[in-house]
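# Fold and contact review
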Amino acid sequence: MLLTSVVFADDLGQREKAAKQVSQQFVKQLGGHLKKEMKANGPVAAIKVCKDIAPEIANKLSLENGWRVTRVTTKTRNPMLGTPDQWERETLAKFAARAEKGESYSTMKQAEVVDEAGKSYYRFMKPMPVKPVCLNCHGSDEQIPGTVKAELDKQYPFDQATGYKLGDLRGAISIKQPMDIPLRKKF
Ligand code: HEC
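Let me sum up the structure you'll find in this document. Every chain begins its residue count from 1, and numbering advances along the sequence as written. Per-residue local features of the predicted model are confined to residues with pLDDT of at least 70, and side-chain atom pairs are confined, for both listing and counting, to 80 or more; whole-chain, interface and lining totals are unaffected and use all residues. Note that the side-chain values use all heavy atoms of the structure and ignore hydrogens as well as water.

Here the focus is the environment of Thr76. Secondary structure elements are taken from DSSP: a helix is a run of H or I of four residues or more, a strand is a run of E of two residues or more, and numbering for both begins at the N terminus. Position of Thr76 among the secondary structure elements: in the loop between β1 (68-72) and α2 (79-82). Sequence spacing of Thr76 and Thr162 is 86 residues, and the spatial spacing of their C-alpha atoms is 9.2 Å. Contact between two residues is taken to exist if any of their heavy atoms lie within 4.5 Å; hydrogens are not considered. Those residues in contact with Thr76, other than ones at most four positions away along the chain, are Gly82, Thr83, Phe158, Asp159, Gln160 and Ala161.

At 3.6 residues per turn, the α-helix brings residues three or four places apart onto the same side. Among the residues making up helix α5 (residues 146-155), those that are buried are Val148, Glu151 and Leu152. Down the axis of α5, the buried side of the element spans an arc of 100 degrees, and every buried residue falls inside it. The exposed residues of α5 that point more than 90 degrees off its buried face are Gly146 and Lys154. To sort residues, take the accessible area from a 1.4 Å probe on protein chains only and compare it with the maximum for the residue type: under 20% means buried, over 50% means exposed, and anything in between is partly exposed. The reported arc concerns the directions from the helix axis to the C-beta atoms and nothing else.

Note on definitions: the grid is 1 Å and covers protein atoms alone; a cavity is a set of points where a 1.4 Å probe fits but cannot get out; a pocket is an open set with protein on both sides within 12 Å along at least five of seven lines; lining residues have an atom within 4 Å of a point. Grid points are joined across faces, edges and corners, and a volume is the space filled by probe spheres set on the points. In this structure, the largest pocket encloses a volume near 1200 Å³. What lines the largest pocket is a set of 45 residues, and nearest its centre among them are Phe26, Leu30, Cys50, Arg71 and Met128. Among the elements of the structure, α1 (2-65), β1, α2, β3 (119-129), α4 (135-138) and β4 (169-178) are those that each provide at least two residues to the lining of the largest pocket. A per-element tally of the lining of the largest pocket places α1 first, with 18 residues. Three classes are used: nonpolar for Ala, Val, Leu, Ile, Met, Phe, Trp, Tyr, Cys and Pro, charged for Asp, Glu, Lys and Arg, and polar for all others, with Gly counted as polar. Its residues placed into classes, the lining of the largest pocket shows 23 nonpolar, 13 polar and nine charged.

Further remarks concern the coordination of the iron atom of the ligand. Distances decide who is a donor: an N, O or S atom must be within 2.8 Å of the metal, or within 3.2 Å for Na, K and Ca. Water is not included, so sites may look incomplete. A lone protein donor binds the iron atom of the ligand: His138 (NE2), at 2.1 Å. Relative to the elements of secondary structure, His138 occurs in helix α4.

Right under this line is the structure:
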């Protein structure tokens, strides 16, 4: 019995390390593309980075690892990809409550094994706070350039993802791993 629990704990430690690393990769890769496009062609052109490249990176990381890697939020721009499930909704609320008590989003994370419909999943979430660059497309009406606003209105008529302030919780990276799928790589 003892041995099993030791192995299990070890596996969870490995899973957390893996999830952390993959969420960092996501942020780094997306941030790199966004910065480059913003600098070269401005925020209107950069919309496609968030629209096309962000899901592409998430897909690639998902397939590479045999998990699901997504971005979720309480106020979606793209409800098809960004709508949280119950655990994700509760975790987003917990992150916001922890921030109210003074904790920084940059060091927060939530990791748990959750049973759903008879199957166990390792679940991990990391907050995505609003940084200065995000305000170009998720800030107030005054902060979003008119040309960006027009393009967002055209592409996302049901956009809810504006009006954020610096440091707000924009959303989170969410990783879901079936516990019966072993880690594919050494992390
Ligand atoms: C150039 C415009 C632009 C910038 C800058 C930008 N975003 Fe977005 N963001 C978008 C678009 C467009 C979508 C919708 C993507 C889609 O269609 O899936 C989006 C979607 C998201 C989502 C997915 C949930 C949802 O709302 O549908 C998150 C989370 C997010 N952005 C966070 C950020 C953060 C954090 C930053 C700053 C580091 C940022 N964004 C900067 C345009 C932008």
